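Overview (structure and organization)
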Amino acid sequence: MAPTGAFTIIKSFLDPGSDVNSGAFRRSRSSRARTIVNANPPAPCGGMVEVKYCVETAVMGALAPALDGRIVGDLKGGGNHCYVGDPTPPRERPSSSTSTRRGTGGHADGDGNNTVRAWTESDMTTIQPIEAVEQLYPVRVEATTLRENSGGPGRWRGGLGLTRAVRIQAPSTTLSVLAEKPCCHRSACARRARRA
């Protein structure tokens with residue numbers, strides 16, 4: 001994912017009009033083994049795009065001085081995976097819901113977009129519908145709102161993130177969060193989850 005992240009940003013900003021073919025990747029190199037961008041077992045890994053986002057942000061930061069305002073703000077950090085597990089029958093395998101969204105970064109001409117996935121994430125850009133989440137997982141979504149003032153200060157702000165209030169409907173449950181840039185409410189969420 002790390003070479004893909006670097007290539008996506010470089011291609012998008014330096015050569016957006018030409019075709020992508022095998023020659024386009026010729027200059028890409030594999031990253032050094034046993035590093036955060038090329039981990040080897042038994043290194044702990046999870047969420048296939050967590051490091052990819054960090055690479056994209058780093059490459060955008062490196063290109064920004066040369067591109068005179070054409071680079072957008074940070075792409076929102078990692079995927080912010082939120083998993084809810086239900087080990088009780090008839091669900092003997094963990095179930096999960098990963099519907100956390102943030103806004104895109106602002107740019108030279110305006111604010112970022114609210115509550116979307118980043119443009120580098122291909123066609124997986126939807127927010128999971130509440131009805132689908134509740135049908136598939138042992139949860140009830142009690143509220144879905146934009147997180148006010150989460151776009152940061154400035155003339156052009158980043159887009160707002162999404163907040164979902166979720167009630168667990170299973171007798172026993174585990175909550176796992178994998179996040180590179182967690183929201184400001186993470187500790188409060190954890191306290192509420194422990195009380196529930």
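You'll find the structure just up there.
Residues numbered from 1 in each chain as written. Predicted model: local features only at pLDDT ≥ 70, side-chain atom pairs only at ≥ 80, totals over all residues. Heavy atoms only, no water.

Brief notes about the nonpolar core
- In this structure, Ala-2, Ala-6, Ile-9, Phe-13, Val-55, Val-59, Met-60, Leu-63, Leu-67 and Ile-71 together form the largest nonpolar core, which totals 10 residues.
- Where this core is concerned, the elements lending two or more residues are α1 (2-14) and α2 (50-63).
- Grouped together as the second largest cluster of nonpolar side chains are five residues, Val-84, Val-133, Val-139 and Val-141 included. (Core = buried A, V, L, I, M, F, W, Y, C linked by side-chain atoms within 4.5 Å. Buried < 20%, exposed > 50% of the residue type's maximum accessible area, 1.4 Å probe, protein only. Helix = DSSP H or I, 4+ residues; strand = E, 2+ residues; numbered from the N terminus.)

Remarks on the environment of Thr-115
- Take Thr-115: it is sitting in the loop between β1 (81-85) and α3 (130-136).
- Looking at Thr-115, the relative accessible area reads 9%, which means it is buried.
- Distance from Thr-115 to Leu-146, taken between C-alpha atoms, is 7.3 Å for residues 31 residues apart in sequence.
- Contacts of Thr-115, omitting those with residues within four sequence positions, involve Arg-101, Arg-102, Gly-103, Ile-127, Leu-146, Leu-160, Gly-161 and Leu-162.
- Here the side chain of Thr-115 touches Gly-161 through a polar contact of 3.5 Å, landing on its backbone oxygen. (Contact = heavy atoms within 4.5 Å. Polar contact = N/O pair within 3.5 Å; in protein donor to acceptor, adjacent residues only side chain to side chain.)

Brief notes about the pattern of salt bridges
- Inspection of every chain in the model, using the stated rule, returns three salt bridges.
- Where Asp-15 meets Lys-11, a salt bridge forms, and the shortest distance between an N and an O atom there is 4.0 Å.
- Judged by its relative accessible area of 38%, Asp-15 falls in the partly exposed class.
- Overall, the relative accessible area of 11% leaves Lys-11 in the buried class.
- Note that Arg-167 is salt-bridged to Glu-142, the shortest N-O span being 2.6 Å. Placement of the pair is Arg-167 in strand β3 (residues 161-168) and Glu-142 in strand β2 (residues 139-147), with a sequence separation of 25 residues. (Salt bridge = Lys/Arg side-chain N within 4 Å of Asp/Glu carboxyl O.)

Read these as layout, nothing more, since geometry by itself doesn't imply function.
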